[in-house]
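Fold and geometry: a report
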Amino acid sequence: MDKYITKVLKQIESNGFEAYIVGGYVRDKLLGKKSTDVDICTNALPKDLINIFNPKVNKSHYGSLRFRTEKYTFDITTYRQEENYVKRRPNRVVYINNLLEDLKRRDFTINAICLNNKEDIIDPLGGRKDLDNHLIRCIGDVATKLEEDPLRILRAVRFSITLGFNLEEELRREIVNKAYLVDTLSYERRREELDKILLSSNVLEGLELLKELGIFKYLEIEYQDLVYVNDICAMYSQLKVSDNYNFTKSEKNIINSIRKIIKLGMIDNHSLYQYGLYINQLAGKILGIKMKKINDMFEALPIRSIKELDISYNEICAILDIKPSRDVKVLVNQMIDLILEGKLENEREAIISYLRKGIK
Ligand code: ATP
Ligand code: MG
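Residues numbered from 1 in each chain as written. Chains lettered and ligands numbered in written order. Predicted model: local features only at pLDDT ≥ 70, side-chain atom pairs only at ≥ 80, totals over all residues. Heavy atoms only, no water.

**Focus: the packing of helix α7 (residues 151-163) against helix α9 (residues 187-198)**
Here α7 crosses α9 at 10°, and the two axes come no closer than 9 Å. Between α7 and α9, the angle is such that the two are roughly parallel. Residues Leu151, Leu154, Arg155, Arg158, Ile161 and Thr162 of α7 pack against Arg189, Arg190, Glu193, Lys196 and Ile197 of α9. Considering only residue class, the contact of α7 with α9 consists of 4 nonpolar, 1 polar and 6 charged. (Axes fitted to C-alpha atoms, helices over the stretch in contact; angles between N-to-C directions. Helix = DSSP H or I, 4+ residues; strand = E, 2+ residues; numbered from the N terminus. Parallel < 35°, antiparallel > 145°, perpendicular 65-115°, else oblique. Contact = heavy atoms within 4.5 Å. Nonpolar A, V, L, I, M, F, W, Y, C, P; charged D, E, K, R; others polar.)

Okay, structure coming up:
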């Protein structure tokens, strides 16, 4: 185990508390995958953790202390029982001094395996066996667990899709029974899981599984053809998505740009100039265009931005003897189009001659 992680565990222990790694990091490590998010559970209370780590900013939210080091993000959480989930988070947290009870409040056995600082496995709920058998099994009473926090429905399916694991029989049955509860989840929480599903190379089988389980309709998305691309905006650009989901301005921009290229059905100098290489590469993957072709076209672009125009805006105005105006901007754009189409050379003399008498 990485010495940075051991150090954090030992730091808690040297203050007289227990500390174990739990959750995604352990699951992924046992599956041979690297993970940089480290969840630690402990009987130290949030105030103890603040004393131990003396964080510059007190990022203790919902009783968790979060901090980043160069390589890892640590989430240190006090053992707890959770009750009465309201929307995003449990509305009451009861801290306890018992690892087993803390593990029992978790969602699936594969997420309740612990490691101590010597890398010994502590696994009272049999997560290791389920991990070996590729099985997602709920901890405790399945129906109650899913009702308590219906996000667990989406998490179960997400783990099944991303890990290629099966849903244990009773869990699968109860997911079907309780699928309607997905409708009560905030769109922010739905999106977190949906993003992970869309970024899985098993996405197509995953969406079929969501349909099979009766969950798909609650996600408020539609799709016809879908090509897997390892970029979340490229995936959303291929879906019809409910306006209830929130996207950042930059995400919307990228999604809309990709959609415009897909609609055109091709990549040309205009799209490369307007949207840049990366967005065209994404659209190109969806359209099935060879990356080399796109990269070569980009390399060969006669102009990549207005700054590369071989004449200044002021000089254009001087040659035409007009004041800067919208019309000049339109003219510049027309010239750039001609340059992109290979009809005008991006060269000062050629541009001056064009401005004086049009294309020769
Ligand atoms: P990943 O980080 O890959 O999404 P993870 O299992 O680490 O997976 P986190 O959201 O980081 O997921 O949560 C850490 C741990 O907290 C989980 O492994 C699980 O033990 C517990 N947990 C998270 N969300 C829930 C939930 N909704 N209900 C019960 N336990 C949960
Ligand atoms: Mg995690």
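**Quick look at the pairing of strand β2 (residues 37-42)**
Pairing analysis gives 4 bridges linking strand β1 (residues 19-22) to β2, with the strands arranged antiparallel. Looking across to β2, one finds that Ile21 is bridged to Ile40. Direction of pairing for β2 relative to strand β5 (residues 73-78): parallel, over a ladder of 6 bridges. The partner of Thr42 across the bridge, within β5, is Thr78. (Pairing = 2+ DSSP bridges.)

**Some remarks on the packing of helix α16 (residues 313-320) against helix α18 (residues 348-357)**
Packing of α16 against α18 brings their axes to within 10 Å, and their N-to-C directions diverge by 40°. Where α16 crosses over α18, the two elements pack in a sense that is right-handed. Here α16 contributes Glu315, Ile316, Ile319 and Leu320 to the contact with α18, which in turn contributes Arg348, Ile352, Leu355 and Arg356. Looking at the contact of α16 with α18, its residues break down into 5 nonpolar, no polar and 3 charged. (Left-handed = near helix turned anticlockwise from the far one by under 90°.)

**Topic: helix α14 (residues 269-287)**
Compared with the 27 Å implied by 1.5 Å per residue over 19 residues, the 16 Å span of α14 between its first and last C-alpha is markedly short. Along its length, α14 shows its largest kink, about 115°, at Gly276. Where the residues of α14 are buried, they touch α12 (232-236), α13 (249-264), α15 (291-299) and α17 (326-340). Capping of α14 at its N-terminal end is provided by Asp268; its side-chain oxygen lies 3.1 Å from the backbone amide nitrogen of His270. Directly beyond the C-terminal end of α14, a positive phi value near 75° is found at Gly288. (Expected span 1.5 Å × (residues − 1). Bend = angle between axes of the 7 residues up to and from the residue. Polar contact = N/O pair within 3.5 Å; in protein donor to acceptor, adjacent residues only side chain to side chain.)

**A short note on the packing of aromatic side chains**
The relative placement of two aromatic rings is captured by the distance of their centres and the angle of their planes. This structure, assessed with the given rule, holds 8 aromatic pairs. Look at Tyr72 and Phe74: their rings are 6.0 Å apart centre to centre, the planes differ by 55°, and that puts the pair in the tilted class. Both residues of the pair, Tyr72 and Phe74, belong to the buried class. Cluster of aromatic residues (ring-pair linked, three or more members): Tyr25, Phe53, Phe67, Tyr72 and Phe74. Here Arg158 stacks its cationic end above the ring of Phe159, 4.2 Å away from the centre of that ring. One cation-aromatic arrangement involves Arg190 over Tyr187; the distance from NZ or CZ to the ring centre is 4.1 Å. (Phe/Tyr/Trp six-rings, centres within 6.5 Å; stacked < 30°, edge-to-face > 60°. Buried < 20%, exposed > 50% of the residue type's maximum accessible area, 1.4 Å probe, protein only. Lys NZ or Arg CZ within 6 Å of the ring centre and 35° of its normal.)

**Observations concerning the domain arrangement of the protein**
Parsing the protein into structural domains produces domain 1 (1-130), domain 2 (134-219), domain 3 (226-301) and domain 4 (307-360). One C-alpha centre belongs to domain 1, the other to domain 4; they are set 62 Å apart. (Domains from an automatic or database assignment.)

**What to know about the side chain of Asp195**
Here Asp195 lies in helix α9. Apart from the residues lying within four places of it in its own chain, the contact partners of Asp195 are Ile232 and Tyr236.

**Quick notes on the nonpolar core**
Within the largest apolar cluster, 100 residues are counted, with the highest numbers of intra-cluster contacts made by Ile76, Leu171, Ile175, Ile215 and Leu309. Not counting the four nearest positions on each side in its chain, Ile215 is found in contact with Ile153, Leu154, Val157, Ile175, Ala179, Val182 and Leu210. Cys41, Tyr79, Ala112 and Ile139 belong to the second largest nonpolar core, which has 10 residues in total. (Core = buried A, V, L, I, M, F, W, Y, C linked by side-chain atoms within 4.5 Å.)

**As for the side chain of Asn43**
Among the structural elements, Asn43 can be located in the loop between β2 and α3 (46-53). For Asn43, a relative accessible area of 15% translates into the label buried. A distance of 2.8 Å separates a polar atom in the side chain of Asn43 from the backbone nitrogen of Glu18. A polar contact is formed between the side chain of Asn43 and the side chain of Asn97, at a distance of 3.1 Å.

**Quick notes on the pattern of salt bridges**
Inspection of the entire model under this criterion finds 27 salt bridges. Glu212 is paired through a salt bridge with Arg172; the nearest N and O atoms lie 2.6 Å apart. One end of the pair, Glu212, is in helix α10 (residues 203-212); the other, Arg172, is in helix α8 (residues 169-178), and 40 residues separate them in sequence. Judged by relative accessible area, Arg172 falls into the partly exposed class, the value being 32%. Because the salt bridges share partners, they merge into one network encompassing Asp102, Arg105 and Arg106. (Salt bridge = Lys/Arg side-chain N within 4 Å of Asp/Glu carboxyl O.)

**Some remarks on the site of ligand 1**
With respect to spatial proximity, 14 residues lie near ligand 1, and among them Arg27, Asn111, Asp149, Arg152 and Arg158 are the closest. In this structure, a nitrogen atom belonging to ligand 1 sits 3.2 Å away from a main-chain N or O atom of Asp107. Side-chain polar atom of Arg155 to an oxygen atom of ligand 1: 3.2 Å apart, as the coordinates give it. Isolated, ligand 1 exposes 590 Å² of accessible area, and the fraction of that covered by the protein chains is 78%. (Near = heavy atom within 4 Å. Areas by Shrake-Rupley, 256 points an atom, 1.4 Å probe, with all protein chains shown as cover.)

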